[in-house]
Structures are given as C-alpha cells and as structure tokens.
Amino acid sequence: MRIKKKINFFELLVENPEGYDDRDYIYHLLKKVQEGIELNLDDIDLKLSTGDVLQMRIDTNIKENTVIIKGKARLIKFDQFQDMYKLSSRTERSLAEDADEDEGLTEETHFVVDLRYKKPIIAIETSQSGPKYTNILYYFSRWSTKAKLHKEILMEATIGRKAEEFVESIKECASLLVKVKREKIPNILSVEQNLGTMLDSAQRYADTDYIELILGYEFRVKKNERPDTVSLIKKIKELIKIDAAKSDFFDNFEALQIRAQEGSEPLKPFDLIAEKTATEIYAEKKNPRSKYLNSHKLYDAI
C-alpha cells in the first residue's frame, strides 16, 4: 500500500568544529553512534522527560568513503497501549496487561544524511507521532558530548524559502484560507486556542469531514480605500512561529493558503505549507495492516 510522505531538508551545522570541517565532524559523529549501537552501550538510548525512550539506528555500514548515511530514530512509548478487538467473538484484549514492564509501542522517523556537500544535508521524514527533527538534533548533540567531540550541532531548514522569511516580505494580505479534517481539530485546539476554537465551533454546525474557513478583506480599486491588513499578517506570523517550534504543526492542515502582496507585486496566492515543505514522496507499508514503512524503499525514494 502506497502512502504520501513529506520530507523536510536541513543543513547540519557544527559550531566551531576546530580541526574538522562540518562534513568530517558529522561523519565521525555518526560513526561513533554506530559503534555505540553495535557495542550495545548502556547509554546508547536516551530517556526523555516524557518517560519515552529515544533510540537511534544506523542502517548504513559506515566506511571511510561513505557519503550517504541512512538511519531512523525511534520513540518507545510505555503508556499508550491500545486494546485489540476481535469481531468474530466480540471480545477485547488489553495489550497493556500482556506487555512486560520494559515493552513499549514504537514510532519511527527515517532520515538520510548526505555528506557530499560542504554543509551536510539531512532529509527527515515528517511523522505525526514519531520522533521530530528536534529529537534527532537532541540525540546528535548528546552523542557529540558523549563521543568527546564537544561541539554543538545545529539544524537549519534549507531547500526552498522558509515560510517565516516569506511572510516577512509580505506588504499586504487579502485573505487566509484554512482547511482541516475534523479529527485534526483537537490537535490544533491544544496548541492554538483562537483558531482551534473557531474550527471547533464550525464542526459543531454540521457533521462534515472537512472544515474550511476563509478570513479576508475587500480590496477596492481606489488606493485610499485599501484596508489595513496588519492584524491578519500578525496572526499568520503567529501560526508560522508555532510551526517553527513544533515542526509538525502544519501537518494538521489540509490547506493553509493566503492571498498576499509581496513587495511591489500584485496580490497573488501563496501556499504556506508548500513554502515550508521541500518535497513529497510515496512510501510503501511493510504490510497492509501495519503502520510501519518499508525502510529500504523509503530511503530510495528520498
């Protein structure tokens, strides 16, 4: 079964590498991570403040001339077990009761590091419930210290213009269109109450699959009658700021589009999600009944 996945790209930057260029530093760091995994070191897994455990797996055998390194980050969650229901007997089975104390549910995020560039590029799968790019960055930074490389690792969004830079160039904004699936509204409400409340009120009006809102101004021909759109631009900036902090906030939206004037250009439509996302690919599930993806085919697609 094929599903569409979003891939975001970041530059991996090293603060004052001293003796290494960025490529060498990232190469040695990932080599150290792979060695730690192979030796099954006690501290190879990181326990997060949530109680989840963050694991790293390197699926490439890193050698001296390796320039493409494939891997996945994995979150092990110990408090989110679900029940299984058997239709034929109408019985339920609790996975939590059957699980050992050190067993948890896993969520994965794939990544590919490309060392062919002066500033290494990491391509990261966008995962709704798996590790975020901030988790991967945290793991790399921790292992930079453990491996006695002692440098801060940074990630900077690249390839395509970042949404926040784009919005800074907007002079006027005529409209904002928001489209979401109703099941995503609680996610939005938990992070952005004003927009979430509007969407929640709209879904109570009718039992529809999608909710679509349009906020806009009437732009008249006469220049002195053009409305002041500062308040709407401010709201758009707030949404982008939330996404920059959460990384996957925009994943809750089916559409997030504006009609805006950039510089002296006339009003035209812009897609905020497309401004952020570098590319989309198709991935395949391991099994039609599984949520896990075929890693090899996903790596090839990236």
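Residues numbered from 1 in each chain as written. Predicted model: local features only at pLDDT ≥ 70, side-chain atom pairs only at ≥ 80, totals over all residues. Heavy atoms only, no water.

Is there a simple way to think about the packing of helix H1 (residues 22-38) against helix H3 (residues 133-146) in this case?
Each pair of packed helices gets described by two things: the angle between the helix axes and the distance between those axes. Running from N to C, H1 and H3 point in directions that differ by 85°, and their axes come no closer than 10 Å. Classified by the angle their axes make, H1 and H3 are roughly perpendicular. Only Tyr139, Phe140, Trp143 and Ser144 of H3 make contact with H1, whose side of the interface consists of Tyr25, Leu29, Leu30, Lys32, Val33 and Gly36. For the contact of H1 with H3, the residue count by class is 7 nonpolar, 2 polar and 1 charged. (Axes fitted to C-alpha atoms, helices over the stretch in contact; angles between N-to-C directions. Helix = DSSP H or I, 4+ residues; strand = E, 2+ residues; numbered from the N terminus. Parallel < 35°, antiparallel > 145°, perpendicular 65-115°, else oblique. Contact = heavy atoms within 4.5 Å. Nonpolar A, V, L, I, M, F, W, Y, C, P; charged D, E, K, R; others polar.)

What is the right way to read the environment of Ala260 from this model?
Structurally, Ala260 is set in strand E12 (residues 255-262). Expressed as a C-alpha distance, the spacing of Ala260 and Lys171, which sit 89 residues apart in the sequence, is 7.5 Å. In this structure Ala260 touches Ile170, Glu172, Cys173, Pro266, Leu267, Lys268 and Phe270, once residues within four positions along its chain are discounted.

Just to check I follow, could you spell out the sheet that holds strand E11 (residues 210-216) for this structure?
Strand pairing within a sheet occurs via backbone hydrogen bonds; the two strands may be parallel or antiparallel. Sheet architecture is open: 4 strands sit in the order E11-E10-E12-E13, paired in antiparallel fashion. Pairing within the sheet leaves two strands with one partner each, and these edge strands are E11 and strand E13 (268-271). Averaged over neighbouring strand pairs, the angle between their axes works out to 20° when direction is ignored. Here 7 bridges tie strand E10 (residues 170-181) to E11, and the two strands are oriented antiparallel to one another. Bridge pairing links Ser175 to Gly216 in E11. Relative to E11, helix H6 (residues 193-205) is tilted by about 125°, and along the sheet it contacts E10 and E11. The sheet contacts of helix H7 (residues 230-246) involve E10, E11 and E12, and relative to E10 the element is tilted by about 55°. (Pairing = 2+ DSSP bridges.)

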